[in-house]
Amino acid sequence: MRSRAASGGLFLFLAASLLRKVDDYDLWFYLNAGREVFRTGQVPPEEFYITPLLGQRGEFNEWGFGLLYFVVQRYSGWLGLAVVNAALAALALYLMHRTATRGRSLLEPLPVLALCATVAWLNYRLVYRAELTLFLSLAATVCLFERFLADRRWRWLLPMPALTLLHAQAHPSGLLVLGVFGLYSLQCILESPPGSRVRVGASLFGIGALSLLAAACNPYGWEQVFLPLRYALRGDVGLVTEFLPTLQTEQRWPYLCLLAVSAAAVALAPRRRPLELVLLLVFGYLGFRHARNVGLFALVMHLPIARAAGHLPERFAWLRSRGGLFASRLGQLAALVALPVLPAASGMWGYGLKERAFPQRAAAALKQLRPQGTVFNFYHLGSYLAWELDGAQTVFIDGRHNSLDISLIEHDRVLNAEPGWGEVLARYRASVILTPPTLPFSGKLIPLIPSLAQDDRWLLLEVEPNAMLFVRREAAGPSFERARDKRLIWEETVRAGAEVLRDYPSHADAHLSVARALVALGKPDAAVASYEEYLRQRPQDTATGKELELVRRLPRH
């Protein structure tokens, strides 16, 4: 009874601490796809809200996840969606922790500290994304195989085909799940008596083959099964921040810490298994290659880390002393308290939309304005606008389109203010533009911004964090009277650049964006320091050096 209470209490505490407000744009294209499946009863065969791709074959690989989240949001609102999202994340963590502490107390201080560390490493990815189903599928696979290794009862592995079938409807990462299954199968064969290895291997191969076939039972068939390989071979995914090499992002220190702890855990394991070293190498490499994989690495390594933590008192006598027990329990309490307190302090704990995370005023203005034609938008804003506009207007692009299709090519042509950018807008009958002033992560000023700031044919209607709404004068109608002072463009540029520099002081382009915005605001003295910092990092940029000399000669007011 006490064990069940501890299990239930730990799961509920994890779920409660993982309640999060929505601040991730990926949720919206899940909801858009889920709404379409709900209305039509089929996975959309064609793109239905991205203007340059209308009529082309659609890719809605995570349709099942989108349908689930749409139904939950429709009938229980943002609170219900936050609860379901937290429950999925908590269940993945709970399964891994339960497996790691099998035969011991779930609430031993040092394994619980390891669990809290795993939550911290995972926090970057515990958002409203279909990736949660990958975490849950991996945790279930590990749990089932560890139970099988413990008592060799085949019933533990019989759910694998059903698990991969369900996973295939929610996320195109079945190969990762089957890869972990394969690694565990090799470990199982190694641990089997020599005379039974062929039989065990054949049985595991059969279950794996059935699971692979089940993964192919989705609307996109084998194409979806091998989608992870297609992404791995692509050369342009680095255009998206989460696909950057981890050491180039803010995840570098969490990754290096996780790598060190994982290596120590494998070295200190009470029973060393080749499996854990291979998992460290494989998922450590995935975590090194792309920032988005740090959470995946953390989840997979929780098992050896928590197991090693549970055996530390056996290795170090001080941990068994009164002082050691007090210190470990105090650390456990502090870590558990931090799980909900830190997200609450950052404004992320709870439910609903995070304040100022989405261009809500711009969406409301568009619904009131109802412009003809397309809404031209910066790429990650598209799915949110499509959700809010609900078919009243199509949008130009969304966050799924980060490879070189026509939507991204035309999108970049306009944002870079290349010759003929106005013709692109005319071709798609786009009379509104929604864009931030600078690129995320780099802080580089978007070249279209100075053109819009100087062109009287474009009115500024709304300015929100990382989103500004421009409308053609002839399309503004009654909204003409609501036009804002275009100095706000440069004030927002300064704010956006400073936000990037707060997290990434070495991003030179953000310094240059701030400098040029300050000049546009008539503050050349303030701009000089930003120019100088940019040139300190980019001394080879002689053109900007000459620009600085011109700024120094500007008259002071």
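Scope of this entry: the structure provided in the associated data block. As the structure is a prediction and not an experimental result, all values here were calculated from the model. (Residues numbered from 1 in each chain as written. Predicted model: local features only at pLDDT ≥ 70, side-chain atom pairs only at ≥ 80, totals over all residues. Heavy atoms only, no water.)

**A few points about the overall build of the protein**
Within the protein, the secondary structure is distributed over 23 helices and four strands. In terms of C-alpha radius of gyration, the protein reaches 26 Å, essentially the compact-globule figure of 24 Å for 557 residues. For the protein, the spread of C-alpha atoms along the three principal axes comes to 85 × 55 × 45 Å. A burial count over the protein gives 53% of its 557 residues as buried. Taken as a whole, the protein presents about 24900 Å² of accessible surface, with 61% of it coming from carbon and sulfur. (Helix = DSSP H or I, 4+ residues; strand = E, 2+ residues; numbered from the N terminus. Rg over C-alpha atoms; globule rule 2.2 N^0.38 Å. Buried < 20%, exposed > 50% of the residue type's maximum accessible area, 1.4 Å probe, protein only. Areas by Shrake-Rupley, 256 points an atom, 1.4 Å probe, with all protein chains shown as cover.)

**A look at the nonpolar core**
In terms of nonpolar packing, the biggest core is built from 143 residues, with Tyr69, Phe145, Leu385 and Leu469 touching the most fellow members. No other element matches the 16 residues that helix H3 (residues 63-100) contributes to this core. The residues contacting Phe145, other than those within four sequence positions of it, are Leu157, Phe181, Tyr184, Ser185, Cys188 and Leu204. Counting twelve residues, the second largest nonpolar core, distinct from the first, contains Ala515, Leu518, Leu548 and Val551. (Core = buried A, V, L, I, M, F, W, Y, C linked by side-chain atoms within 4.5 Å. Contact = heavy atoms within 4.5 Å.)

**What about the sheet that holds strand S3 (residues 458-464)?**
The mixed open sheet is built from four strands, whose spatial order is S1-S2-S4-S3. The outermost strands of the open sheet, each flanked by one partner alone, are strand S1 (374-377) and S3. For this sheet the average axis-to-axis angle between neighbouring strands, irrespective of direction, equals 20°. When S3 meets strand S4 (residues 467-472), the two strands line up antiparallel, connected through six bridges. Looking at the pairing, Leu460 lines up with Phe470 of S4. On top of the sheet, helix H20 (residues 487-503) reaches S3 and S4; it is set at about 35° to S3, its chief contact. (Pairing = 2+ DSSP bridges. Axes fitted to C-alpha atoms, helices over the stretch in contact; angles between N-to-C directions.)

**A closer look at the pairing of S4**
Of all six residues in S4, six are buried; the element is thus mostly enclosed. The two faces of S4 match: Ala467, Leu469 and Val471 on one face and Met468, Phe470 and Arg472 on the other face are all buried. Here S3 hands over to S4 after two residues, with Asn466 in that stretch at a positive phi of 65°.

**Structural notes on the pairing of strand S2 (residues 430-435)**
Most of S2 is tucked away, with six of its six residues classed as buried. Pairing of S1 with S2, which is carried by four bridges, proceeds in the parallel orientation. Its bridge partner being in S2, Val375 is matched across the sheet by Val432. Here S2 runs beside S4; their pairing, made up of four bridges, is antiparallel. Residue pairing for S4: Leu434 is matched across the bridge by Leu469.

**Some words on the side chain of Thr438**
Position of Thr438 relative to the elements: it lies in the loop between S2 and helix H19 (448-454). Once residues lying within four places of it in the same chain are set aside, the contact partners of Thr438 are Gly443, Lys444, Leu445, Ile446, Thr493, Ala496 and Ser513.

**Here's the deal with the pattern of salt bridges**
Taken as a whole and judged by the stated rule, the model has 32 salt bridges. The residue Glu276 makes a salt bridge to Arg273 at a minimum N-O spacing of 3.2 Å. For the residue pair Glu276 and Arg273, the accessibility class agrees, reading buried in each case. Its salt-bridge partner being Arg495, residue Glu499 comes within 3.3 Å of it at the nearest N-O pair. (Salt bridge = Lys/Arg side-chain N within 4 Å of Asp/Glu carboxyl O.)

**Topic: a nonpolar patch on the surface**
Together, Leu210, Leu213, Trp222, Phe226 and Leu229 line one region of the surface with nonpolar side chains, adding up to about 500 Å² of accessible area. Its location among the elements puts Phe226 in the loop between helix H9 (222-225) and helix H10 (227-233). A relative accessible area of 40% places Phe226 in the partly exposed class. (Patch = residues over 30% accessible without salt bridge, like charges linked within 9 Å, V, L, I, M, F, W, Y side chains within 5 Å.)

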